Structure formats: C-alpha cells, structure tokens
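Structural features, examined
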Amino acid sequence: MIGQAVSRFVPDPDHDRSGFITMPGGMQEHQRTLWWQTSTPKPTLPTIAGDRSVDVAVIGAGFTGLTAALHIARSGSSVMVLEAEAIGSGASGFNAGFVVPNFAKADPDTVNRKLGAERGRALLDLVSQGGERVFSTARDNKIDCDAAQTGWLQPAHSDQMAGALKARVASWQALGRPLRYLDAAETASLTGVRGYRGALFDPTGGTIHPLSYAYGLARAALAAGALIKEDAPVMSVERMGDNWVLQTAGGRITARRVLLCTNAGKVGIARRLYRAIVPLSVYQIATAPLPKDVVARFSPQRHPVSDTRSNLFTYRLDRDDRLISGGMSLFPIGAHERMASGIVDRLAEELSLGFVPKVEHVWRGVAAMTTDFLPHLYEFGPGFIGGIGCNGRGVAMTAMLGEVMANAALGTPLSALPVPQAPARAIPFHTFAQAAPSFAIAQARWQDWRARR
C-alpha cells in the first residue's frame, strides 16, 4: 500500500542547526517532498561574500520574503534576501499548493467586528485579491509552476455547515467577490463524494507547484536587481545608529530596514515571530499517478477541495494526476508511515476509488496559526518589521502580505497598511499553547466519529 519513498523515513528524525528535519544520509525532509523531486530548475545565485550594505534586508526566502524583495527591487531600492537554508526549504516548499483567497477561520462579518468597518474592509479587500495576484504574478513573470486557476471548492459536510457557507458566500458577494454556492447535486458531480450538502465555490482559487513558484519569484527578484544568499542564517540583528546590522556566518549586512519573513521557523532570529504563533504540524502525501478514467470520476474539472469537517478532508491533483492530501497527527513518533497509511486509506474510502493508491511521497510541514486566525505585522524596532499569520492559506495570503511588507520597508506607516499590527510579544504560556493542536485534532476526530454514527 505504501511506496518505497515512505520507508526511507525514520520515526524520530533529528533537527539540524537550522531547524530543518535531517533524514538518514544527511538528506533533509524538504528534499523528500513531491515538489523537490518535480520542480523546475533552481535559479543560479550569484556568489556573495563579505560585508554588504543595502536599503532593505529580508530574512527568509519563502513566498513572503521573495515577493517583498521583488517589489522592493522594482521600486529602485537595494535589497538582499538572507536564507538560513535554501529557497523554498520552509513552508513555501512544504505546502500542498492550494491557492485559497480567504480566511481559514474568519468570515467577513467576524473580521469587521474585530477590526472595525474601515480596517476590516481594508483587510478583506486585500485578502480577496490573493488568488488573482498569484496567477497574475505567475503569468506576468512567465513562472512555470503548473498554475491552474480552476477555482477552489469547499463542500459542506452537514446541514448546519451548508447554512454557514451560504451566509459566507453572501457576505463575500456583498463585497463584490464572484463566489457561488453550489447545491448538493452539483457538488456531488464535481467531487464524487457522497453526502455533501452543497459547497462554496471561489473561481479565483486553484493550484500551483509551490516550489517552482518560489523559484520563479526568486528569478524575478534577481532580474529586478535583488540579491539572494542561501546558507546564511542570521545570528543577530542589532541597532547601530540609524541602521540595523545583521550578523551572518559570511559577514555583516547593514540595512536601513529589515523584514522578518520566517513564518514558523523557530531557530535564531526567527523565534521573534515563532513565539507569536501556534505551530500546527501537517502531514502531506502524494500518490502514484492515477488513471484518467478514475480521476474523471472525482475531479472532472480538477478543482482543489477542502471540506468543512473538523477533521478536514482535502485533495487535489498535480500535473501528472497524483492525488495530494494531508492530515494532522496526534503523536509525532512514527507519524510519517502511520499518517501515510491513514491519509491514503481515507482518500480511497471518501472518493470511492475501489483500490488504495500507492504512496510515493510523504512529508511534514508546519503551519503558523495566530490566536485570532488573522495575519499581523509586528514592529521589533524602527524599521524592523515581521509579518505572519497565513493560518493554512499561505500561497494566496503571502502574495499580498509580501506586498504589504514591501510597502512598510519603503516607508508606508504601519497604521496605514491593511494588515493589522500586533504587539511584538510572545503568546502567554507558549509551551502549553503548542500542545493545543493535538487536543483539537482529538476533538475533531471524536466529533466526526459521532457524526457518522
């Protein structure tokens, strides 16, 4: 049932100095993902040695950091991206490549209540552009990343959630967005899943090959004049006069402004953001390619799907008709092989495949969850800004968050930006907060088990 790729994983991998998971033979887990094996060629980076002085230093070469660097470079300012490991070796190379331009846990009405009508509308307008921005960025910069704007489908697993999705669609439609609510029959024809009551359909969503997209962003940033340096963990950031000095193993970088774009990284300077989020470990699998007639039964229009169950059920196809899905584990020991078995068995059952596909790849990533499920900016000092809070919507959200952070680096006051600012302090009892997802997973599985009885 499980392919050979799974057997290479070990129950208790060690973490290297950068926080990435190191597998036997020295290979790191990001190199085991489907994306690492099927991406376009990595861009060639210029050799950078010694001390440097730039207008803006960006820490982290993922979607957010590379998007910010691209916009900063195109503005005419000098910018250098410092990456502790390799381009896309964080969340940008671990995610499933879903392009979902909305919030995971917040409806428009909730956002307006939390932020007020004016600030709420600004954030809603920003987030709603995420899908279009990803695909226009890929198109305008000729990024070969299997970009497919087929739309995103969110089926309702119960009558209660069907009502909630209808209200959600109406709220977004009132803001001018082209969302539609599909009835049960149309949802069944698009998913092949029995029992869905209806679905939210967002035509601006879709899928990409995330690592190829990251490589494309890097190429575009380099072409605009940005510098990118890998294997350059930032060990310290200190204020000296009107500048910031970043110490790396290869030299000192002096910058007027600094952007911290490290998502859920927890080693070194990245801990400044990590302490403000709850990390959520997510396991992803990719099967062997499926026959065309089988694919046509559950994905005739190749929509990425993620439903409303507490124990979320998701799936999408890649360009070769591999099924990609994911899930969360209660216990980390032996989780790779255990989760691969559980996820592929669930795919076979939910999609009525009639057979259990072979798993070719399984990997673990970490999502950064904020306590209010909204993105935030953090100010660590004059011109030293961090941004985080994709909450499982990283591809579309970072397309906009990167632009916002670029504007901050170019002088726009934080109070004038559409992403709300949060205090630069750790979540109280952060160690205990990290255990919250395990309790949530247990509760979700219990709720779904009860619903099936």
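Refer to the structure presented above.
Read on for an overview of the structure. (Residues numbered from 1 in each chain as written. Predicted model: local features only at pLDDT ≥ 70, side-chain atom pairs only at ≥ 80, totals over all residues. Heavy atoms only, no water.)

1. Overview of the overall build of the protein chain
Each helix and strand in the protein chain was counted, giving 15 helices and 20 strands. Among the 453 residues that make up the protein chain, the fraction classed as buried is 56%. For the protein chain, the share of sequence-separated contacts (at least 6 apart) that also reach a separation of at least 24 residues comes to 73%. (Helix = DSSP H or I, 4+ residues; strand = E, 2+ residues; numbered from the N terminus. Buried < 20%, exposed > 50% of the residue type's maximum accessible area, 1.4 Å probe, protein only. Contact = heavy atoms within 4.5 Å.)

2. Section: the environment of A156
In this structure, A156 sits in strand 6 (residues 152-156). Along the backbone, A156 and S306 are 150 residues apart, and their C-alpha atoms lie at a distance of 9.5 Å. If sequence neighbours within four positions are ignored, A156 has contacts with M161, A162, L165, Y196, R197, G198, A199 and T308.

3. Focus on the environment of M80
If you trace the backbone, M80 turns up in strand 4 (residues 79-82). Taking the C-alpha atoms as reference, M80 lies 8.7 Å from I253; in sequence the two are 173 residues apart.

4. What to know about empty space enclosed by the protein
On inspection of all chains with the given rule, the structure shows one cavity of 30 Å³ or more. By volume, the largest cavity is sized at about 30 Å³. Taken together, I48, A49, G50, M80, K229, T248, G250, G251 and I253 make up the full set of residues lining the largest cavity. (1 Å grid on protein atoms, 1.4 Å probe; cavity = no way out; pocket = protein on both sides within 12 Å on 5 of 7 lines; lining within 4 Å. Points joined across faces, edges and corners; volume = space filled by probe spheres on them.)

5. Topic: the packing of aromatic side chains
Applying the stated criterion to the full structure yields six aromatic pairs. A ring pair is formed by F313 and Y315, whose centres lie 5.7 Å apart and whose planes are at 50 degrees; its orientation type is tilted. One aromatic cluster is present, formed by W244, F380 and F384 through successive ring pairs. Sitting over the face of the ring of W172, R177 holds its NZ or CZ atom 5.1 Å from the ring centroid. (Phe/Tyr/Trp six-rings, centres within 6.5 Å; stacked < 30°, edge-to-face > 60°. Lys NZ or Arg CZ within 6 Å of the ring centre and 35° of its normal.)

6. A look at unusual backbone geometry
Leave glycine aside and you will find that most residues have negative phi; peptide bonds, for their part, are mostly trans. A positive phi angle, near 65 degrees, is found at D321, a position not held by glycine. Mapped onto the secondary structure, D321 falls in the loop between strand 16 (314-317) and strand 17 (323-327). Note on D321: relative accessible area 2%, which makes it buried. A positive phi angle is found at N391, which is not glycine, with a value near 55 degrees. Note on placement: N391 falls in the loop between strand 20 (384-388) and helix 13 (394-409).

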